[in-house]
Amino acid sequence: METPGNLFCVAAPSGTGKSSLVKALLELDSRLAVSVSHTTRRPRGQEVDGREYWFIEEPAFRAKIDHGDFFEWAEVHGHLYGTSRKAIEELLNRGQDVVLEIDWQGALQIKTLFAHAVLIFILPPGWGELSQRLNRRGEDPADVIAHRLHNARTEVSQARHFDFVIINSLFETALFDLKTVVHSQRLKYAAQLRNRSQVFAALGLV
Ligand code: 5GP
């Protein structure tokens, strides 16, 4: 699939700071849009339906899979998560750059459909730090945290398949790294050609 917009997929184990980094990036970069995923997990804390996620029941999620409504979907930590095909294709075809906060399975599915998607993996600085961050967040019960830490071992082993790796040791440094990746991608010849085709045509380059 070729679209004028760029697609960025950001994956990381829970507690790595991925959501905060993506949120800060979106505040700084008006050319980036985010797609709200569907999930079968229950809302946490202050989460609002349609803002963090579309919260739906499993039969409704499975019906969407059958209708081909998802661009990608995966089971993560015992719940189903998926990206709406329609929403994302509309944004990308309009020339909007899109960032997806998804797990590694979803990111690798997207790369097979969408070769120019940029896959970014955020790593924690260490296991001790990740455990502390998950506990400090205070959002999940101890058994859920233990499950997420266990899964994190498998997740980080997938970082080798990603285009970029950012280590979130210091938030500001990691944010700078993320902005740099987004900016560099936009300047690639192929990305400029897709996004600024009129300039290329005017210069006789197509
Ligand atoms: P959480 O329940 O903590 O919000 O998310 C759990 C994991 O599911 C995170 O790694 C998150 O990025 C991932 N996730 C969220 N939305 C999607 C999605 O649409 N597709 C996939 N594959 N993973 C998702």
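Preceding this section is the structure that the text describes.
Treat the numbers as computed from the prediction; the structure is a model and nothing was measured.

**Considerations on the site of the ligand**
Moving on, step 1. If you check the shell around the ligand, you find 18 residues, and the closest are Lys18, Ser37, Arg41, Tyr53 and Tyr81.
Moving on, step 2. Contact with the protein chains removes 94% of the 510 Å² of surface that the ligand exposes when unbound.
Moving on, step 3. Because more than half of its atoms lie within 2 Å of the grid, the ligand is assigned to the largest pocket.
Moving on, step 4. Mapped by element, the contributors of at least two residues to the shell around the ligand are β5 (70-76) and β6 (79-84).
Moving on, step 5. Residue classes in the shell around the ligand are distributed as 6 nonpolar, 5 polar and 7 charged.

**Considering the pairing of β6**
Moving on, step 1. Of all 6 residues that make up β6, 5 are buried, and the element is covered over most of its length.
Moving on, step 2. Direction of pairing for strand β3 (residues 37-39) relative to β6: antiparallel, over a ladder of 2 bridges. Among the inter-strand pairings, His38 is bridged to a residue of β6, identified as Gly82.
Moving on, step 3. Pairing of β5 with β6, which is carried by 6 bridges, proceeds in the antiparallel orientation. Its bridge partner lying in β6, Trp73 is registered against Gly82.
Moving on, step 4. In this structure, the hairpin formed by β5 and β6 is closed by a connection of 2 residues, where His77 is found at a positive phi of approximately 50°.

Quick notes on the rules
Residues numbered from 1 in each chain as written. Predicted model: local features only at pLDDT ≥ 70, side-chain atom pairs only at ≥ 80, totals over all residues. Heavy atoms only, no water. Near = heavy atom within 4 Å. Areas by Shrake-Rupley, 256 points an atom, 1.4 Å probe, with all protein chains shown as cover. 1 Å grid on protein atoms, 1.4 Å probe; cavity = no way out; pocket = protein on both sides within 12 Å on 5 of 7 lines; lining within 4 Å. Sits in = over half its atoms within 2 Å of the grid points. Helix = DSSP H or I, 4+ residues; strand = E, 2+ residues; numbered from the N terminus. Nonpolar A, V, L, I, M, F, W, Y, C, P; charged D, E, K, R; others polar. Buried < 20%, exposed > 50% of the residue type's maximum accessible area, 1.4 Å probe, protein only. Pairing = 2+ DSSP bridges.

Distances and angles like these do not, on their own, reveal function.
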